[in-house]
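Structural overview for review
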Amino acid sequence: MKDTSLRIADFKDSIFGVISRLAREHQAVNLGQGFPDFDGPEWIKDLVTQKMREGHNQYAPFHGTLNLRTEVSNYYKKFYGLNYDLESQVTITVGATEAIYLVIMGLINPGDEVIVLEPFYDSYVASIKMAGGIPVPVTMHAPDFNVDQAELQKAITSKTKLLILNNPHNPSGKVWTREELMQVSELAIKNDLYVLSDEVYEFLLFDGAKHIPTATLPGMYERTITVSSAGKTFGLTGWKIGWICADEKVSRACRLIHQYVTFSVSTPMQEAVAEGLKKLDSYLPEFVATYKAKRDFFYKGMKDLGFNFTIPRGTYFMMVPIESKTQLKDVDYALELIKTRKVATVPPSAFYLKSAEGGKYLRFCFAKKEETLISALANLKGL
Ligand code: PMP
Ligand code: GLN
């Protein structure tokens, strides 16, 4: 038989799938792939059943149900003062992953360069490659995961069209400050770049950290494409309801691709998420408190095991330095821990193209039941 396409010639199984498979094979506690091992709230699950019973079971409008686009538009206005027209500027997708793919396919021509701030969510680079673009990594240096403005400036060329940033940041848990966002924004404006701002962890913030959408910065509304998803906010990663908020031209480009890739997104799930977004005010305090308790509990456990690092202020991940424990690099150490300690983590070097800094860390996901976190810590005891 003839070969499959060159487009995917250097693609491998994603690190998340590989680690989850190894965790199953070795019966390891899985703190690797980012998903809660507990369910989202009962009330939102009940809403899906209700929406199905009410007859929301046929194709949704291709750009999203009216209710969900309305509620997405409403919360951007209410929480951040951002105006997105629900007819022309809000597009519902199969999770943020489809959203990222559509934005990149909609903007990037073969040969265009895209700045990716590493460590990055792995789908960015894969989508850039599928579009024929060139990923240009700029490192957010550990342990603070700050971007050096001079390095960023140097990486931008006349071919750069897009910069991708993630805030709050997976895998470091960093929450960007206004000053940091301003530095990147200034360069985006100066060099006429689009910015894809992946904000899927926008509500997972602790210790008074505030989310600042990139689109709210001076001069950034027009050039920012904001992507988010219900998966993290409602602890239901399997629902795969995401969205894109962008200007009319970029939204149209994304929709033109979306109509041929997925056409439309699960109708009852969209209707339930719309109801969920209406309840954000009453829902969020308990949601954040639940994850904060997990973060605090796991952080203390890791400190007690002798791991030294700063507590993250966002997301449900921790980048834990391993150099005090092992000579091994992240991939080998992650394999060793799965096999000998029955604890699965993600080796972050999968999130880097350029820097070797990821080799000195493991990423732990703490979005797990207390008993899961207790088992993991017990297994790691004595390291
Ligand atoms: N962006 C980041 C930074 C992520 O961590 C993830 C995965 N959880 C996604 C996007 C994808 O989100 P979704 O599951 O909605 O596709
Ligand atoms: N975003 C999740 C993580 O970082 C995983 C999503 C996926 O498996 N693609 O772990």
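See above for the structure.
As the structure is a prediction and not an experimental result, all values here were calculated from the model. Every chain is numbered independently, its residues counted from 1 as its sequence is written. The order in which chains are written sets their letters, starting at A; the order in which ligands are written sets their numbers, starting at 1. The predicted nature of this model means local features are confined to residues of pLDDT at least 70 and side-chain atom pairs, given and counted, to a pLDDT of 80 or more, with totals for whole chains, interfaces and linings taken over all residues. As a rule here, side-chain values cover all heavy atoms of the structure and leave hydrogens and water aside.

Some thoughts on the overall build of the protein chain
What counts as a helix is a DSSP run of H or I of at least four residues, what counts as a strand is a run of E of at least two, and both are numbered from the N terminus. Broken down by element type, the protein chain carries 13 helices and twelve strands. The C-alpha radius of gyration computed for the protein chain amounts to 20 Å, which stays within 12% of the reference 21 Å derived for 383 residues, consistent with globular compactness. Across its three principal axes, the protein chain shows a C-alpha extent of roughly 55 × 55 × 55 Å. Any two residues whose heavy atoms approach within 4.5 Å at even a single point are treated as in contact. Sequence-distant contacts in the protein chain: of pairs separated by 6 or more residues, those separated by 24 or more amount to 76%. As displayed, the protein chain has an accessible area near 16,500 Å², and 53% of this comes from carbon and sulfur atoms. Separation between the mean location of the 44 positive side-chain charges and that of the 44 negative ones in the protein chain comes to 3 Å. With the radius of gyration taken over C-alpha atoms, the globule rule is written as 2.2 Å times the number of residues to the power 0.38. In these tables, accessible area is a Shrake-Rupley quantity obtained with a 1.4 Å probe, and a residue counts as shielded only by the protein chains included in the view. His is not counted, nor are the chain ends; Lys and Arg add positive charge and Asp and Glu add negative charge. Charged groups are reduced to one reference atom each: NZ for lysine, CZ for arginine, CG for aspartic acid, CD for glutamic acid.

Quick notes on the site of ligand 2
Every residue near ligand 2 is listed here: Phe16, Gln33, Gly34, Tyr121, Asn170, Phe317 and Arg363. Here a polar contact is recorded for every N or O atom pair within 3.5 Å, except that within protein the pair must consist of a potential hydrogen donor and a potential acceptor, and residues adjacent in sequence are included only if both atoms are side-chain atoms. With respect to ligand 2, the side chain of Arg363 contributes an N or O atom lying 2.6 Å from an oxygen atom. Being near a molecule or strand, for a residue, comes down to having at least one heavy atom within 4 Å of it.

Focus: the pairing of strand β4 (residues 134-141)
Here is the key point about a regular strand: its side chains alternate between the two faces of the sheet. Per-residue accessibility, obtained with a 1.4 Å probe over protein chains only, is compared with the maximum for each type, and a residue is labelled buried under 20%, exposed over 50%, and partly exposed between these values. Taken across its eight residues, β4 has six buried, putting it largely inside the fold. One bridge is not enough; two strands pair if DSSP finds at least two bridges between them. The pairing of strand β3 (residues 113-118) with β4 spans six bridges and is parallel. Of the residues in β4, the one forming a bridge with Val116 is Pro137. Handedness of the β-α-β unit built from β3, helix α5 (residues 123-130) and β4 comes out right-handed. In this structure, β4 lies alongside strand β5 (residues 146-147), joined through two bridges in antiparallel fashion. Following the sheet pairing, His141 is matched in β5 by Asn146. With antiparallel pairing between neighbouring strands as the criterion, β4 and β5 make up a hairpin whose turn holds four residues, including Phe145 at a positive phi of roughly 60°. Here the term right-handed applies to a crossover when the path leading from its first strand over the helix to its second strand runs clockwise, the strands being oriented away from the viewer.

A look at the nonpolar core
The definition of a nonpolar core used throughout is a set of buried Ala, Val, Leu, Ile, Met, Phe, Trp, Tyr and Cys residues joined through side-chain atoms within 4.5 Å. Judged by nonpolar contacts, the single largest core of 87 residues is most densely connected at Val72, Trp243 and Met302. Looking at this core element by element, the count peaks at nine residues for helix α11 (residues 280-304). In this structure, Val72 is in contact with Val90, Ile92, Trp243, Cys245 and Leu277, ignoring residues within four places of it in sequence. Ala155, Leu163, Ile212 and Ala344 belong to the second largest nonpolar core, which has 35 residues in total.

Description of the packing of helix α2 (residues 42-53) against helix α10 (residues 267-278)
Axis separation between α2 and α10 bottoms out at 8 Å; the angle between their running directions is 135°. Here α2 is positioned oblique relative to α10, judged by the angle of their axes. Here the hand of the crossing between α2 and α10 comes out right-handed. Contacts between α2 and α10 involve Trp43, Ile44, Leu47, Val48, Lys51 and Met52 on the former and, on the latter, Pro268, Met269, Glu271, Ala272, Val273, Glu275 and Gly276. When residues are sorted by character, Ala, Val, Leu, Ile, Met, Phe, Trp, Tyr, Cys and Pro go into the nonpolar class, Asp, Glu, Lys and Arg into the charged class, and all the rest, Gly among them, into the polar class. Counted by class, the contact of α2 with α10 contains nine nonpolar, one polar and three charged residues. Helix axes are fitted to C-alpha atoms over the stretch in contact, other axes to C-alpha atoms as well, and angles between N-to-C directions run from 0 to 180 degrees. By definition in this entry, angles of less than 35 degrees are roughly parallel, angles greater than 145 are roughly antiparallel, angles of 65 to 115 are roughly perpendicular, and the rest are oblique. Left-handed describes a crossing in which the near helix is turned anticlockwise from the far one by less than a right angle; the clockwise case is right-handed.

Re the side chain of Arg295
Looking at where Arg295 falls in the secondary structure, it is placed in helix α11. Take Arg295: its relative accessible area is 1%, and that puts it in the buried class. When neighbours within four sequence positions are excluded, Arg295 is seen to be in contact with Phe206, Asp207, Ile311, Pro312, Arg313, Met318 and Phe366.

Notes on the site of ligand 1
By nearness alone, 13 residues border ligand 1, and Thr97, Asp198, Tyr201, Lys232 and Lys240 come closest of all. The side chain of Asn170 places a nitrogen or oxygen atom 2.7 Å from an oxygen atom of ligand 1. For ligand 1, an oxygen atom lies 2.7 Å from a polar atom in the side chain of Ser229. For ligand 1, the accessible surface in isolation is 400 Å², of which the surrounding protein chains cover 93%. Sort the elements by how many residues they give to the shell around ligand 1 and helix α4 (residues 95-107) lands first, with four residues.

A short note on unusual backbone geometry
Going from Asn167 to Pro168, the amide bond is cis rather than trans, its omega being -10°. Tracing the chain through its elements places Pro168 in the loop between β6 (160-166) and α7 (178-190). Note the cis peptide between Asn170 and Pro171, where omega equals 15°. One non-glycine residue with positive phi stands out, namely Asp192, at about 55°. Among the structural elements, Asp192 can be located in the loop between α7 and β7 (194-198). Take Asp192: its relative accessible area is 56%, and that puts it in the exposed class.

Things to note about the pattern of salt bridges
Every case where a carboxyl oxygen of Asp or Glu lies within 4 Å of a side-chain nitrogen of Lys or Arg is listed as a salt bridge. One pass over the full model with this rule turns up 16 salt bridges. Taking the shortest distance from any N to any O, the salt bridge between Arg223 and Asp192 comes out at 3.1 Å. Within this pair, whereas Arg223 is found in the loop between β7 and β8 (224-229), its partner Asp192 is found in the loop between α7 and β7, the two being separated by 31 residues in sequence. With its nearest N and O atoms 3.4 Å apart, the salt bridge here joins Glu275 to Lys278. Note that Glu275 and Lys278 are positioned in helix α10 at a spacing of three residues, about one turn of the helix.

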